[in-house]
Amino acid sequence: MRILEIKDEKRAQRELQKLGADPQGVTLMAPKAVFRAVRLKKVRSVSANILKQEMLSLGGEAATSYGAINLSSKYTPLLITGTLKQFRQLIAKLKIHQFGLPRIAETLEQSLKNYDQSPPPIKIGPRTLRFGQRTYIMGILNVTPDSFSDGGKFHKLEDALSQAHRLIAAGADIIDIGGESTRPGAKNVPVHEELKRVIPVISALRKKKILISIDTRKAAVAEAALSAGAHIINDISALRHDPRMAKVAAKYKVPVILMHMLKNPKTMQKNPVYKDLIFDIMTYFQESLEIAGRAGIKENRLIIDPGFGFGKTVEHNLEILKRLKEFKVLGRPILIGTSRKSTIGKILSLPPSERLMGTAATVAIAISNGVDIIRVHDVAAMKKAAKMTDAIVRRL
Ligand code: 9MG
């Protein structure tokens, strides 16, 4: 006897085909072989009770708070569990109910679809990133005197360009150029100084066939960088630091990386507390997606990033890595930057220069848990780690 781990419908279909099941039977049985547990944050108790009855009638389950059953609370969280087949039947039933259930049905349908699919491709400048086929590598280029791991090393133009050429030769898909350190407690850099650091590097690289992202929270810096040839905005404030940032992204029609951060780099590591870590980050993303939408940025240009190390304890960072796949319900590509960060240093008791293997472990787990882009210092090594992990994880 063996116990199989059937994580999605394709795997279920293959197992059924291996048995020699009839093709029509494969289609009918595969959705019964995949189990999902869906958590909803806040549902009206009256709607939750109807949903529970419907799911029970299908052989699934929906757990509510006790207060929802005796109607002492108006709202309840929900945990719905069942097979994909039961979820599909539930969705069909909810669509013809009242009490806000059709809206819940739509969200359920879209979330389950997003969870099992790769995000749609993004066309960026001369290239198209096709997610799901392989992991894309973003190489870090800090043109700063004070970044946590390589501060001061690439502050001069010629050093920055040499490093950029090394990252390109090592196989980076994107180079992320930043002129302001985002390490905890870092000082703010005035716009003119940030421009002085990043624009000459971008101008020199624009003729190269490499995607360039500008790591900044400031609209003026983003705009100058895009004019100089950058293709992507990496905004660690997810469009919240500078109210003009979203308009700039919309004007230049470029992708934006929306990173989650609690408070700001100065204050983020002072006792970070979450009500519910994953839900809180997800709500933050939803708000930033709305800011982007209102400014006219197309949703298919947005990339999400849970912000490893930004307002998080070691425990928070580990939980994020383990549960990364939960962010897939938003249907957006996921980026993560764990490279040489202090969580790795704390677990292994090692300085930044010795965190390569720890970083490789986080990269492998992140890919296994659904990440699409990794942001790293050591491109050559992490490209190998990613290629090996892709070969295991992304095979059919
Ligand atoms: C600039 N920067 C530093 N760490 C980062 C991370 O984890 N993600 C993104 N998007 N940017 C980062």
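> Can you walk me through the packing of aromatic side chains in this structure?
Within a pair of aromatic rings, the relevant descriptors are the distance that separates the centres and the angle that separates the planes. Applying the stated criterion to the full structure yields two aromatic pairs. Here the aromatic rings of Phe131 and Tyr136 are separated by 5.9 Å at their centres, their planes lie at 80°, and the arrangement is edge-to-face. Note on Phe131: relative accessible area 6%, which makes it buried. For Tyr136, a relative accessible area of 5% puts it in the buried group. Here Phe285 and Phe327 contribute two aromatic rings whose centre-to-centre distance is 5.7 Å and whose plane-to-plane angle is 80°, an arrangement assigned as edge-to-face. Here Phe327 lies in the loop between helix H12 (314-322) and strand E12 (335-336) and Phe285 lies in helix H11 (residues 277-295), a separation of 42 residues in the sequence. For Phe327, a relative accessible area of 1% puts it in the buried group. Geometry around Tyr75 places Lys42 over its ring, the cationic atom sitting 4.6 Å from the centre. Directly above the aromatic system of Tyr284 lies the positively charged group of Arg240, at a separation of 3.5 Å from the ring centroid.

> Before we go on, may I ask you to explain the sheet that holds strand E8 (residues 211-215) in this structure?
Strands in a sheet are paired, the pairing made by backbone hydrogen bonds, and the direction either parallel or antiparallel. If you walk across this open sheet you meet the eight strands as E11-E10-E9-E8-E7-E6-E13-E12, and the pairing is parallel. Of all strands in the sheet, those with a lone pairing partner are strand E11 (302-305) and E12, marking the two edges. Strands in contact with helix H7 (residues 157-169) are strand E6 (136-142) and strand E7 (174-178); relative to E6, the strand with the most contacts, it is inclined by about 170°.

> What is the right way to read helix H8 (residues 191-205) from this model?
Note: α-helices contain 3.6 residues per turn, so residues at a spacing of three or four share the same orientation. With 15 residues, H8 extends 21 Å from end C-alpha to end C-alpha; this agrees with the ideal 21 Å at 1.5 Å per step. Considering bend angle alone, the principal kink of H8 is centred on Val198 and spans about 30°; proline Pro200 follows within four residues of it. Here H8 has its buried residues at Glu193, Glu194, Arg197, Val198, Ile199, Val201, Ile202 and Leu205. On its buried face, H8 is in contact with E6, H7, E7, E8 and helix H9 (219-228).

> Would you mind showing me how to read the environment of Asp150 here?
One can find Asp150 in the loop between E6 and H7. Linking Asp150 and Val198, residues 48 residues apart in sequence, is a C-alpha distance of 16 Å. Residues within four places of Asp150 in sequence aside, it is in contact with Asn142 and His377.

> Any chance you could explain the site of the ligand here in plain terms?
In the neighbourhood of the ligand, the contacting residues comprise Thr182, Asp215, Asn234, Ile236, Ile257, Met259, Asp305, Phe310, Leu335, Gly337, Lys341 and Arg375. The contact in question runs from an oxygen atom of the ligand to an N or O atom on the backbone of Gly337, over 3.2 Å. Lys341 places a polar side-chain atom, nitrogen or oxygen, 2.8 Å from an oxygen atom of the ligand. Mapping the ligand onto the cavity grids shows that it belongs to the second largest pocket. Among the residues forming the shell around the ligand, the class breakdown is five nonpolar, three polar and four charged.

> I'm lost on the sheet that holds strand E1 (residues 35-44) in this one. Help?
If you trace the three strands from one edge of the open sheet to the other, you get E1-E3-E2, paired in antiparallel fashion. The outermost strands of the open sheet, each flanked by one partner alone, are E1 and strand E2 (61-63). Geometrically, the sheet is characterised by an average inter-axis angle of 20° between neighbouring strands, direction not taken into account. Two elements, E2 and strand E3 (residues 75-83), share three bridges in a ladder whose sense is antiparallel. When the bridges of E3 are listed, Ala62 appears paired with Ile80.

> Just checking my understanding: could you explain the domain arrangement of the chain for this structure?
Note on interface size: it is often stated as the accessible area lost on association of the parts. We note that the domain assignment places domain 1 (34-115) and domain 2 (122-393) within the chain. For domain 1 and domain 2, the distance between their C-alpha centroids amounts to 35 Å. If you look at the interface, domain 1 gives six residues, while domain 2 gives eight residues. Carbon and sulfur atoms supply 58% of the area buried between domain 1 and domain 2, which totals about 680 Å² over both sides. By the criterion of area lost to domain 2, the three top residues of domain 1 are Lys41, Asn114 and Tyr115, representing 78% of everything that side buries. At the boundary of domain 1 with domain 2, the tally comes to zero salt bridges. Our count for the contact surface shared by domain 1 and domain 2 stands at two residue pairs in polar contact (both at pLDDT 80 or more). Only E1 and helix H6 (101-116) provide two or more residues apiece to the side of domain 1 that touches domain 2. Across the side of domain 1 that touches domain 2, the residue classes break down as two nonpolar, two polar and two charged.

Cut-offs applied
Residues numbered from 1 in each chain as written. Predicted model: local features only at pLDDT ≥ 70, side-chain atom pairs only at ≥ 80, totals over all residues. Heavy atoms only, no water. Phe/Tyr/Trp six-rings, centres within 6.5 Å; stacked < 30°, edge-to-face > 60°. Buried < 20%, exposed > 50% of the residue type's maximum accessible area, 1.4 Å probe, protein only. Helix = DSSP H or I, 4+ residues; strand = E, 2+ residues; numbered from the N terminus. Lys NZ or Arg CZ within 6 Å of the ring centre and 35° of its normal. Pairing = 2+ DSSP bridges. Contact = heavy atoms within 4.5 Å. Axes fitted to C-alpha atoms, helices over the stretch in contact; angles between N-to-C directions. Expected span 1.5 Å × (residues − 1). Bend = angle between axes of the 7 residues up to and from the residue. Near = heavy atom within 4 Å. Polar contact = N/O pair within 3.5 Å; in protein donor to acceptor, adjacent residues only side chain to side chain. 1 Å grid on protein atoms, 1.4 Å probe; cavity = no way out; pocket = protein on both sides within 12 Å on 5 of 7 lines; lining within 4 Å. Sits in = over half its atoms within 2 Å of the grid points. Nonpolar A, V, L, I, M, F, W, Y, C, P; charged D, E, K, R; others polar. Domains from an automatic or database assignment. Buried area = accessible area lost by both parts, 1.4 Å probe. Salt bridge = Lys/Arg side-chain N within 4 Å of Asp/Glu carboxyl O.

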